[in-house]
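Given next are the chains, with one letter for each unit.
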Amino acid sequence: MASEKQKRIRNFSIIAHIDHGKSTLADRLIEKTGTLTKREMEEQVLDDMDLERERGITIKSRAVRLIYKHTDGKEYILNLIDTPGHVDFNYEVSRSLAACEGAILVVDATQGVQAQTLANCYLALDHNLEIVPVINKIDLASADPDETKREIEDIIGLDASDAPLISAKVGIGIDDVFKAIIDKIPYPQGNSDEPLQALIFDSLYDSYKGVIAHIRIVQGTLKNGMKIKMMSTGKEFDVTEIGIFTPNMVPVGSLEAGEVGYVAASMKDVRDTRVGDTITNADNPSKSSLPGYRPAVPMVFCGIYPSDGAKYPELKDALEKLQLNDAALSFEPETSAALGFGFRCGFLGLLHMEVVQERLEREYDLDLVTTAPSVIYKVMKTDGTLLELTNPTNLPDPSEISYMEEPIVSTTIITPSDYTGPIMELCQGRRGVFKDMKYLEEKRVMLHYEMPLNEIIYDFFDALKSRTKGYASLDYELSGYKESELVKLDILLNGELVDALSMIVPSERAYARGRSIAVKLKEVIPRQLFEIPIQAAIGSKIIARETVKALRKDVLAKCYGGDISRKKKLLEKQKEGKKKMRKIGSVELPPEAFMEVLKID
Amino acid sequence: MEKLGLYIHIPFCKSKCFYCDFNSYSGKDYLQERYVDSLIAELKFREPIIEKSGISTIYIGGGTPTYLNNIAFKKLFSYLKRYYRSGVEYSCEANPGTLNKEKLSILKENGVNRLSIGLQSWNDDILKRLGRIHNVYDFIENYDSARKIGFDNINVDIMFSIQGQTMSDFENTLDNVCNMNPEHISCYGLIIEDGTLFGERYKNGELKEVDEDTDRAMYYTAVEKLRKAGYLRYEISNFAKSNYECRHNIIYWDTRHYLGIGAGAHSYIGDVRFSNVTAPEKYIRLIENYKLPVADEEHLTTDDMMSEFMFMGLRMTKGVQFSDFKNRFGLDMENVYGKQIEKLQKYGLVKVNGNSLSLTDRGIDISNAVFVEFIR
């Protein structure tokens, strides 16, 4: 039986397409309940990473407890679990949703339903959540709330007739949102007297308290001093602190069924608190663990190397620390003839990859060289063994390969109908297979394509945005593997193979790709003391060749008189530029060259 | 204590040339007399160091020293006469549009023994496009007057890589200047600098850089023609008949000591480089308030000094001497720069000849890329 307290708890997430106002609505809810004082309040208050603020995105999930005094005079505990919006972070979203009974679906009244609105909505439905649609940005002149309601009903199939019409930015309709949360989202089930079952939906590492597990109590009660057990590993720990998020961590004595909070128990290893695991009472254990969720599977891989080889231990240390709070990040050591010691890292997608790179560079002050991202290819060898290839360099000799498979994703694109032509052209050019096209309304279309993942990971999103003036939205999910004719394309600079530039490409496109990469490299490699031949090769066959001419003129035929400092500064600046270069044999390569070669559009 | 080169800066011009990014101004003529007084005051302040070291060269540069009005001009040069001794090279820069017999005579009477005349081109259209205030005729007239008055050491500045300049324009300039038979010719490549009119036009896409092949072709045409006419290249851009090399500029390239007086002037004494404030008004105000006009000061480390020794010294055809390096720094150049020298030799950019290391022609073409190797 649910307690009175339990009946006044609501656990919910906010889901939305990127930029539809999720973080702003979270800000308003926090502000309105007086959870934070005006002084503590700032924009995107839950996104405390610099990177999140700059990019206006949420990367990490966060939780906050709000106390709201309802019109019935009672105080309700509303646990808001903030989630990322980008497709790369679906995994984070899914974890958070598992801790909730409901989700607020924010839809921008000027844009209507977008690809990630749908994707996030389906995720929420998968978790049997009550979805409460909210229509945002009604203060804008181009807002069309009626049309947006119709789309929510027609496309998603949710009743939007009494969806709150709000402007999170200016604070219109926020009370309606609270009302909808309390009236529509069910209170949590579960019995505080049962044996403990707590779901870990996130964890982070604190250098003082050890691993802090973010938990949702499903059954039973978690108390201070309790001996807890991780149900997947059987490891036991003594609870040192239990608390709630306000959003700062505030200790409490216990957490009961239905509540959301955190637990610290001197856990030193993040692997001991696997996200999705169930925590129980070691002295009175639950018979069963909760259904977890599938672990995050990295889909995109690239090599990350320190610019300065001596920084390898620092890079290792930084990756380990990042991994503490980012279970989806994987890495293992690798060596490259061109770049020395580094790591092959796995990511959920390209944004995840960029975010990790940026965090390494900023938070750990590292200069990195990143190699071309790759997907996991399945290589069936003639001896019957299967190789999962994450680094193109490791592709066996073609004579040892029976066949290869590459990952395929099912792609959803929502776009104004004017752009269907250019989008179809783009998808076809990327080996996309058309599945279907549906008119969402008179002027908006939803397209489905099956596409090789390696066609999407480089610059597909940018190409899509530029062809549709930014109007199209994209979502994709892995749908399986498919046999493909693939070859390894190598790049030679000054006659030396640069392993870090090797990539797997469809054989039908190898020539064109080889040529475009050679041309691109010619653009990005600065002229040097000597002439540099650039060659693209498949096996021993050269398929494209360009030349970076030797430096012709770099001379100050001018008299600066006694102003030698000025001359020196010019040379020092030139030297700084050189320092950033990565030396491959005798050739100096700008670090961005490794990514630049992929931008073929 | 080694003798100093003395540099004096005159920041005034009748009008600013379109390519010029030196510390010079038009429209500030009203400051001229106070400025000259300030120069004299600064010289008096620096008297102890001048006394102690002695002076081996004097160089009056600008701006346009010959643009000073008669009163200021006379006052400056009659004051400076006290630094002139026999054997001192005493140069003054001159613009053909601001010279006349009277000024030439004042210079001569006060000990100036070397004139440096900015001609730039033997083509009146090009001169106009550069924003020069004179024509070729002004140059010929003043050059002849200077010879008549007795100047027997004259430099002429010319320029290549000017937008719209053809190879034959440039050859014509070279031929005509050689015919005038000056003792020294400086031959500079035009550089489009930020903060100039050309820099603006470049940013707006109205002006393009002369392509590298043309630039190099012009440079080597100059080297060849001048060599045939008896002028030897002794520095990347400087050519002279034997024994007429500019000793003042060689002080810079040898990284020896000099004292700069005036707005924006640079000095290098001991292990300190310092420079004065650039704005003439500010310079005057500081001096008039008995304050030092120094804006910047840099104490050089041994690494700095070695870097400068290399990248300044290598500008000269004779290059840098291994023995000089050892004497100066107590270290062997091979030990400090062995790897760099070996690499640059491999690419044919420098050559070793007995005691000296110097640039090859190809090394001159990309000398900045060579110099970068020596920055520590």
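Computed from a predicted structure; not experimentally measured.

Caption draft 1: Structural context of the nonpolar core. Counting residues in hydrophobic clusters, the biggest one holds 150 residues, and the most contacted among them are L521(A), F77(B) and L357(B). Ranked by residue count, the leading element in this core is helix α3 (residues 70–80) of chain B, at six residues. Once residues within four sequence positions are removed from consideration, F77(B) is found in contact with I60(B), Y90(B), C92(B), I106(B), L107(B), N110(B) and V112(B).

Caption draft 2: Broad picture of the environment of A257(A). Structurally, A257(A) is set in the loop between β13 (254–256) and β14 (260–264). A257(A) has contacts with Q6(A), G190(A), N191(A), S192(A), I217(A), V218(A), Q219(A) and G220(A), leaving out every residue within four places of it along the chain.

Caption draft 3: Representation of helix α10 (residues 420–429) of chain A in the model. Residues and elements named next belong to chain A. Turning to α10, its buried residues number three or more, namely T420, I423, L426 and C427. For α10, the angular spread of the buried residues around the axis is 125°, confining them to a single face. As for α10, its buried residues are in contact with β22 (401–416), β23 (433–441), β24 (444–452) and α12 (460–467). Just past α10, the residue R431 takes up positive phi, approximately 60°.

Caption draft 4: Up close: the packing of helix α8 (residues 312–324) of chain A against helix α9 (residues 350–363) of chain A. Residues and elements named next belong to chain A. Where α8 contacts α9, the two axes come as close as 11 Å, and the packing angle between them is 120°. In terms of orientation, α8 and α9 fall into the oblique class. Between α8 and α9 lies a crossing of right-handed hand. For the pair formed by α8 and α9, the contact residues are L315, A318, L319 and L322 on the first element and V356, R359, L360 and E363 on the second. Taken together, the residues of the contact of α8 with α9 sort by class into six nonpolar, no polar and two charged.

Caption draft 5: Quick look at unusual backbone geometry. Geometrically, the link from G62(B) to G63(B) is a cis peptide bond, its omega value of 20° lying close to zero. Mapped onto the elements, G63(B) comes out in the loop between β2 (55–62) and α3. With a phi close to 50°, S266(A) is a non-glycine residue in the positive phi region. With respect to the element layout, S266(A) can be found in the loop between β14 and β15 (278–281). Since its relative accessible area comes to 44%, S266(A) is described here as partly exposed.

Caption draft 6: Structural view of the interface of chain A and chain B. The partner chain B presents 40 residues to the 29 residues of chain A that form the contact. With both chains or domains summed, chain A and chain B bury close to 3400 Å², and 55% of this area falls on carbon and sulfur atoms. Inspection of the chain A/chain B interface yields 10 salt bridges. Among the ionic pairs, D213(B) bridges to R552(A), the shortest N-O distance being 2.8 Å. The tally of links from chain A across to chain B stands at 18 residue pairs in polar contact (both at pLDDT 80 or more). Top contributing element to the side of chain A that touches chain B by residue count: helix α14 (residues 564–579) of chain A, with 10 residues. In terms of residue class, the side of chain A that touches chain B is made up of 11 nonpolar, five polar and 13 charged.

Caption draft 7: The pairing of strand β6 (residues 197–206) of chain A, seen in detail. Residues and elements named next belong to chain A. β6 sits mainly inside the fold: eight of its 10 residues count as buried. In the sheet, β6 pairs with strand β7 (residues 210–219) via nine bridges, with the strands oriented antiparallel. If you follow D202 over to β7, its bridge partner there is H214. As consecutive antiparallel partners, β6 and β7 are separated by three residues.

Caption draft 8: Highlighting a nonpolar patch on the surface. Where nonpolar side chains cluster on the molecular surface, the patch consists of F434(A), M437(A) and Y439(A) and spans about 290 Å² of accessible area. The exposure class of F434(A) is partly exposed, given its relative accessible area of 35%.

Caption draft 9: Quick peek at helix α13 (residues 322–329) of chain B. Residues and elements named next belong to chain B. If you check which residues of α13 are buried, you get F322, F325 and F329. Across the axial projection of α13, the buried residues extend over an arc of 60°, all falling on one side. Buried-residue contacts for α13 involve α12 (302–313), β13 (320–321), α14 (333–346), β14 (350–353) and β15 (356–359). The positive-phi residue at the C-terminal boundary of α13 is G330, with phi of around 70°.

Caption draft 10: Quick look at the packing of aromatic side chains. Residues and elements named next belong to chain A. Inspection of every chain in the model, using the stated rule, returns 28 aromatic pairs over all chains. Measuring from ring centre to ring centre gives 5.5 Å for F245 and Y262, while their planes differ by 50°; the resulting arrangement is tilted. Of this pair, F245 sits in strand β11 (residues 241–245) while Y262 sits in strand β14; the two residues are 17 residues apart in sequence, bridging distant segments of the chain. Of the two residues examined, F245 and Y262, each falls in the buried class. Measuring from ring centre to ring centre gives 5.6 Å for F331 and F343, while their planes differ by 90°; the resulting arrangement is edge-to-face. Of this pair, F331 sits in strand β17 (residues 330–336) while F343 sits in strand β18 (residues 340–347), placing them 12 residues apart in sequence. By relative accessible area, which is 19% here, F331 ends up buried.

Caption draft 11: Quick peek at the confidence of the model for chain B. Summing up the model confidence of chain B, the mean pLDDT is 96 and the portion of residues at 70 or higher is 100%. Among the scores for the predicted complex, ipTM is 0.91 and pTM is 0.70.

Caption draft 12: Broad picture of the state of the cysteines. Enumeration according to the criterion identifies zero disulfides over all chains in this entry. Not engaged in a disulfide, the cysteine C302(A) finds its nearest cysteine sulfur in C345(A); these two sulfurs lie 6.0 Å apart. Of all cysteine sulfurs in the structure, the one in C187(B) sits closest to C178(B), which takes part in no disulfide; the separation is 10.0 Å. Looking at C178(B), the relative accessible area reads 16%, which means it is buried.

How each quantity is defined
In this numbering scheme, every chain counts its residues from 1 along its sequence in written order. All chains are assigned letters beginning at A, and all ligands numbers beginning at 1, according to the order in which they are written. With the structure being a predicted model, the display of local features is reserved for residues of pLDDT at least 70 and the display and counting of side-chain atom pairs for 80 or more, all residues being used for whole-chain, interface and lining totals. Hydrogens are left out, water is left out, and the side-chain values use all remaining heavy atoms of the structure. To form a nonpolar core, buried Ala, Val, Leu, Ile, Met, Phe, Trp, Tyr and Cys residues must be joined to one another through side-chain atoms within 4.5 Å. Whether a residue is buried, partly exposed or exposed follows from its accessible area with a 1.4 Å probe, protein chains only, as a fraction of its type maximum: under 20%, in between, or over 50%, in that order. Only runs of H or I of at least four residues qualify as helices and only runs of E of at least two qualify as strands under DSSP, and these elements are numbered from the N terminus. Residue contacts are counted whenever heavy atoms from the two residues lie within 4.5 Å of one another. As used here, the arc is the angular range of directions from the helix axis to the C-beta atoms. Here, axes are lines fitted to C-alpha atoms. For helices the fit covers the stretch in contact, and angles between N-to-C directions go from 0 to 180 degrees. For classification purposes, angles smaller than 35 degrees are called roughly parallel, those larger than 145 roughly antiparallel, those between 65 and 115 roughly perpendicular, and all remaining angles oblique. What makes a crossing left-handed is the near helix being turned counterclockwise from the far one by less than a right angle; a clockwise turn instead makes it right-handed. Under the scheme applied, nonpolar residues are Ala, Val, Leu, Ile, Met, Phe, Trp, Tyr, Cys and Pro; charged residues are Asp, Glu, Lys and Arg; polar residues are all the others, including Gly. Once two parts are brought into contact, the accessible area they lose, counted with a 1.4 Å probe and summed over both, makes up the buried area. Salt bridges are defined as contacts in which a side-chain nitrogen from Lys or Arg sits within 4 Å of a carboxyl oxygen from Asp or Glu. Each polar contact in these results corresponds to two N or O atoms within 3.5 Å; when the atoms are within protein, one needs to be able to donate a hydrogen and the other to accept it, and residues that are neighboring in sequence are counted only if both atoms are side-chain atoms. Following DSSP output, two strands are said to pair if at least two bridges run between them. Only residues whose relative accessible area exceeds 30% and that form no salt bridge enter a patch; like-charged residues are grouped when within 9 Å of one another, and nonpolar side chains (Val, Leu, Ile, Met, Phe, Trp, Tyr) when within 5 Å. All accessibility values rest on the Shrake-Rupley procedure with a 1.4 Å probe; residue burial counts only the protein chains present in the view. Centres within 6.5 Å are what make two rings of Phe, Tyr or Trp a pair, Trp counting through its six-membered ring; a difference in plane orientation under 30 degrees is then read as stacked, over 60 as edge-to-face, and the rest as tilted. pLDDT measures how confident the predictor is about each residue, on a scale from 0 to 100. The disulfide criterion used throughout: a pair of cysteine sulfur atoms within 2.5 Å.

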